Amino acid sequence: MTKEEGGRKIPLVKYNRAVVFSKTWDCVAEIDMSGKDLVMPGEDSTLVMKFIKPMVIESGQRFTLRDGMATFGTGVFTKINPDLNDLERETLNKGRKKEKRKAAEAELKKLSGS
């Protein structure tokens, strides 16, 4: 959605998290864009969404993307991917910052010889 339509003023970047609303449920999902690093407001794109918990989704089902109280996108599920395995779900729930921090601490420990 463009800024004039009430959408975001800034682009949607890869691995951003948003709340996805569809039918009677809502869930946080990490968003990835196929072959792009960002999507400008008003631009169409194909998204790959990883939900933090399994959701009931059917091909052709409509959804809305929201950030806080602002709706910034709508779409239709076209392909249903298999459920995430336990490791993928754990990594998604931890978030990228914790993973980066853990890797940096391990590197620091390695460099200090501890």
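Residues numbered from 1 in each chain as written. Predicted model: local features only at pLDDT ≥ 70, side-chain atom pairs only at ≥ 80, totals over all residues. Heavy atoms only, no water.

With an unreviewed UniProt entry as reference, the chain is termed Elongation factor Tu, mitochondrial, source organism Caerostris extrusa.

Novice: For the sheet that holds strand β7 (residues 70-76), give the residues involved together with the corresponding values.
Specialist: Read from one edge of the open sheet, five strands run β5-β3-β2-β6-β7, paired in antiparallel fashion. In this open sheet, the two edge strands, each paired with only one partner strand, are β5 (47-51) and β7. Each strand axis lies, on average, 40° off the axis of its neighbour in the sheet, ignoring direction. Examined bridge by bridge, strand β6 (residues 62-67) and β7 share six bridges and lie antiparallel to one another. Paired with Phe 63 across the two strands is Gly 75, which belongs to β7. (Pairing = 2+ DSSP bridges. Helix = DSSP H or I, 4+ residues; strand = E, 2+ residues; numbered from the N terminus. Axes fitted to C-alpha atoms, helices over the stretch in contact; angles between N-to-C directions.)

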